[in-house]
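# Tertiary structure, described
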Amino acid sequence: MCGIVGVIARHDAPAPDRARIQGATSALDHRGPDGTGFHFDGPVAFGHTRLSIIDLEGGAQPLANEDGTVVTIYNGEIWNHLELRQKLERAGHVFRTRADTEVLVHGYEEWGDELPARLDGMFAYAIWDARLGRLTAAR
């Protein structure tokens, strides 16, 4: 299982401390020995430790859409990711990986708050939409 860490600062608070996020992520190394990644964007900070299961080469996280405005961290499995991927590709979304994680980014772009109802699996995720300054999470 991967390890995920995330912080969002209040509007009147300073941005999350990078060293604290990096330390919290390091504490989860045992959950994801195959890689570590971070995303820092204003009030939001994500950390991820990866246990590679699907798309061993291309599924590093945090994972963003094409222009970097929608970013996710995720742990779990989305069992119907291939079906969702096909629907999203038919809708015009372009995938760069084979990872089930990418369904979250494009699914959020396509379906917004309806995304969790379309997912079949066991998971926890957070999605930062920098365009709207909005964080959503589900499990």
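Structure: see above.
These lines cover the structure that appears in this document, whether it is placed above or below. The structure presented is a predicted model; accordingly, all values stated were derived computationally and were not measured.

Cut-offs used in this document
Residues numbered from 1 in each chain as written. Predicted model: local features only at pLDDT ≥ 70, side-chain atom pairs only at ≥ 80, totals over all residues. Heavy atoms only, no water. Helix = DSSP H or I, 4+ residues; strand = E, 2+ residues; numbered from the N terminus. Buried < 20%, exposed > 50% of the residue type's maximum accessible area, 1.4 Å probe, protein only. Pairing = 2+ DSSP bridges. Contact = heavy atoms within 4.5 Å. Axes fitted to C-alpha atoms, helices over the stretch in contact; angles between N-to-C directions. Phe/Tyr/Trp six-rings, centres within 6.5 Å; stacked < 30°, edge-to-face > 60°.

Attention shifts here to the environment of R90. Tracing the chain through its elements places R90 in helix α2 (residues 81–90). By relative accessible area, which is 65% here, R90 ends up exposed. Linking R90 and Q61, residues 29 residues apart in sequence, is a C-alpha distance of 24 Å.

This paragraph deals with the sheet that holds strand β5 (residues 70–78). Each strand in a sheet pairs with its neighbour through backbone hydrogen bonds, running either in the same direction (parallel) or in the opposite one (antiparallel). Here four strands make up an open sheet; going across it, the order is β4-β5-β6-β7 and the pairing antiparallel. Since the sheet does not close on itself, it has two edges, and those belong to β4 (63–64) and β7 (134–138), each with one partner. Inspection of the sheet shows β4 paired to β5 by two bridges, in the antiparallel sense. Paired with L63 across the strands is T72, a residue of β5. Along the sheet, helix α3 (residues 101–111) makes contact with β4, β5, β6 (121–129) and β7, crossing β5 at roughly 130°.

Moving on, we come to the packing of aromatic side chains. Scanning all chains against the criterion turns up two aromatic pairs. An angle of 15° between the planes, with centres 6.0 Å apart, marks the rings of F38 and F40 as stacked. For F38, a relative accessible area of 34% puts it in the partly exposed group. Ring plane angle 25° and centroid distance 6.0 Å describe the contact between F123 and Y125, whose orientation is recorded as stacked. You can call F123 buried: its relative accessible area is 14%.

Next up on the list: α3. Because each turn of an α-helix spans 3.6 residues, side chains separated by three or four positions in sequence point in the same direction. Among the 11 residues that make up α3, nine are buried, leaving the element largely enclosed by the rest of the structure. For α3, the full list of buried residues reads T101, E102, V103, L104, V105, H106, G107, Y108 and W111. G112 lies just past α3 and shows a positive phi near 55°.

Bringing the sheet that holds strand β3 (residues 44–50) into the picture now. Ordered in space as β1-β3-β2, the three strands form an open sheet in which the pairing is antiparallel. Each edge of the sheet is formed by a strand with only one pairing partner; in this case those strands are β1 (3–8) and β2 (35–41). In this sheet, adjacent strand axes meet at a mean angle of 5° when their direction is disregarded. With seven bridges joining them, β2 and β3 adopt antiparallel strand pairing. Looking at β3, one finds that H39 is bridged to F46.

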